[in-house]
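One-letter residues, chain by chain:
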Amino acid sequence: METYVSYERALEIVTSQNFLLPAETVSLFDSYGRVLREEVVADRDDPPVSVSAMDGYGVKFSDVESVPAKLMVKGVIPAGSERLIEINRGEAVKLFTGSVVPESVEAVVPVEWTEEKNGYVEIKRSFSQGANVRLPGENYRKGQVLVKRGAVLGAPEIGIAASVGKPYLKVSVKPKVGIVVTGSELLEPWEGFSSPVQIRNANGYTLYSLVKEVGGEPVYFGIVRDSREETLKVLSEALETCDVLLTSGGVSMGDYDFVKEVVKELGIEVLFYKVQVKPGKPVLFGRKENKFFFGLPGFPVSVFVSFNLFVYPLLRKIQGATEIFRPAVKGVLVEDFKRRKADRTEFVRCSFSYSPEKGKFLVSPLRRQGSGVLSALVGKRALIVVPRGIKALRKGDSVDLILVRGL
């Protein structure tokens, strides 16, 4: 076991774990957010023939070099029709978005630049040769890999799969992620207070949502009171049935922090305990065969940050994703930031916005940086990475951002 490791070392240990979940085949309707385990390949050119990019009139380029021009409408080609109407000089053919474009057509004039009357169309604006004509294979060519193995499937990827005739896709099985929250002071949201020292359990529901967001199947085991026997019993059951087990609380130095005591009894090899980060120092990571364990801190913000730093990439990796980290970008501070100590890598919560004029993300550290201030994470948020050894950042400095909430 390595203790009090750097952020970089902790991340190296997490991402070096070699295990891949099995694959399954699901319908496109069930594939959103899943990790692709095959390649999506084009079954033909798209478009397969030249088609019109909009509603309008197919014309000879030489007929519209000088406008206005009056052309005879030779016919109509509806979208989806295989009928071809070739044109000569002085003629036009009416087309629609997706209509096949005959070889004799050299440009398509959008309908808004025309006026049709008594079998003739007046062209009011000139267009260049080839304008508004989609050529064969413009979107993709037959045999081209359109979505690579390891992609996280979103709307465009699923749409592409449908367009190449794949109603089913091979994806990773969802990792089953057990969630256990510890603490005798905790109540579920539906329970009433019987003592002023009680607090409601936010961590269980934060983790549940985060697991779903990263493509996992969360399994909630509820609240475990501060009892060694109960902690051992519930963790044993959760580890037996889940691929990854997450706990919150119980990994610090208190007399009632039993999680770190029972992990060895469960046969979990602890790979590291405590990380030089703020917030979230008391993170424990271990493995038992092909099952993984994270003992996360008890403070809500520490739970949120620790999940995004360590749990997120592990869950992505065991699903076979090519990109396993949260998106990272460069930002520019709009105000100064100072801290008292620089002995840990700090992940400073911030708001951000993108400035099209400056072409940069503008970043403002949040006033409330406490580990228990979960309310400060509501909205579009990111983490500023402040490396060890740096006590102050100045307005205008470039900073590394990890995007954890919205774009």
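Higher on the page you've got the structure.
Residues numbered from 1 in each chain as written. Predicted model: local features only at pLDDT ≥ 70, side-chain atom pairs only at ≥ 80, totals over all residues. Heavy atoms only, no water.

All right, on to the sheet that holds strand β18 (residues 244-248) then. Reading across the sheet, the 7 strands line up as β1-β19-β21-β22-β18-β14-β17 and stay open at both edges, with mixed pairing between neighbours. The sheet terminates laterally at β1 (2-5) and β17 (217-224), the two strands that pair on one side only. Strand after strand, the sheet turns through a mean of 15 degrees between neighbouring axes, direction not considered. Bridge count for β1 against strand β19 (residues 269-275) is 3 bridges, and the pairing is parallel. From the neighbouring strand, Val5 faces β19, where its bridge partner is Val275. In the packing of helix α4 (residues 228-241) onto the sheet, contacts are made with β14 (176-182), β17, β18, β21 (284-288) and β22 (291-296), and the angle to β17 comes to roughly 170 degrees. (Pairing = 2+ DSSP bridges. Helix = DSSP H or I, 4+ residues; strand = E, 2+ residues; numbered from the N terminus. Axes fitted to C-alpha atoms, helices over the stretch in contact; angles between N-to-C directions. Contact = heavy atoms within 4.5 Å.)

What follows is about the nonpolar core. Formed by 42 residues in total, the largest nonpolar core has its most connected members in Val244, Leu246, Phe272, Phe285, Phe294, Phe307 and Phe310. Of all the secondary structure elements, the ones that give two or more residues to this core are α1 (7-15), β14, α3 (203-213), β18, β19, β22, α6 (300-318) and β29 (398-405). With 12 residues, the top contributor of residues to this core is α6. Those residues within four positions of Leu246 in sequence are excluded, and the remaining contacts are Val177, Gly178, Ile179, Val180, Leu207, Val211, Phe294, Phe307 and Val311. Ranked by size, the runner-up nonpolar core spans 19 residues in total, among them Leu239, Cys242, Val251 and Val270. (Core = buried A, V, L, I, M, F, W, Y, C linked by side-chain atoms within 4.5 Å. Buried < 20%, exposed > 50% of the residue type's maximum accessible area, 1.4 Å probe, protein only.)

On to unusual backbone geometry, then. Trans peptide bonds make up most of the peptide bonds, and negative phi angles are found at most residues other than glycine. Put simply, Asp46 and Pro47 share a cis peptide bond, and its omega is -5 degrees. Looking at where Pro47 falls in the secondary structure, it is placed in the loop between β3 (40-41) and β4 (51-52). Backbone torsion omega between Val67 and Pro68 reads 5 degrees, so that peptide bond is classified as cis. Looking at the element boundaries, Pro68 is found in the loop between β5 (56-59) and β6 (69-77). Unusually for a residue other than glycine, Tyr4 sits at a positive phi of about 45 degrees. One can find Tyr4 in strand β1. By relative accessible area, Tyr4 is classed as partly exposed at 33%.

A few words now on a positive patch on the surface. Together, Lys278, Lys281, Arg340 and Lys341 make up a region of like positive charge exposed at the surface. Mapped onto the elements, Lys281 comes out in the loop between β20 (277-278) and β21. Overall, Lys281 belongs to the partly exposed group, its relative accessible area being 31%. (Patch = residues over 30% accessible without salt bridge, like charges linked within 9 Å, V, L, I, M, F, W, Y side chains within 5 Å. Areas by Shrake-Rupley, 256 points an atom, 1.4 Å probe, with all protein chains shown as cover. Salt bridge = Lys/Arg side-chain N within 4 Å of Asp/Glu carboxyl O. Lys, Arg positive; Asp, Glu negative; His and termini not counted. Charge placed at Lys NZ, Arg CZ, Asp CG, Glu CD.)

Turning to the sheet that holds β5, a few remarks are in order. Across the sheet, 6 strands lie side by side as β8-β5-β7-β6-β10-β9; this open sheet has mixed pairing. A single partner strand is all that each edge strand has here, and the edge strands are β8 (107-110) and β9 (114-117). Taking the axes of each pair of neighbouring strands and ignoring which way they run, one obtains an average angle of 35 degrees across the sheet. The sheet contact formed by β9 and strand β10 (residues 120-123) spans 4 bridges and is antiparallel. The residue of β10 that forms the bridge with Thr114 is Ile123.

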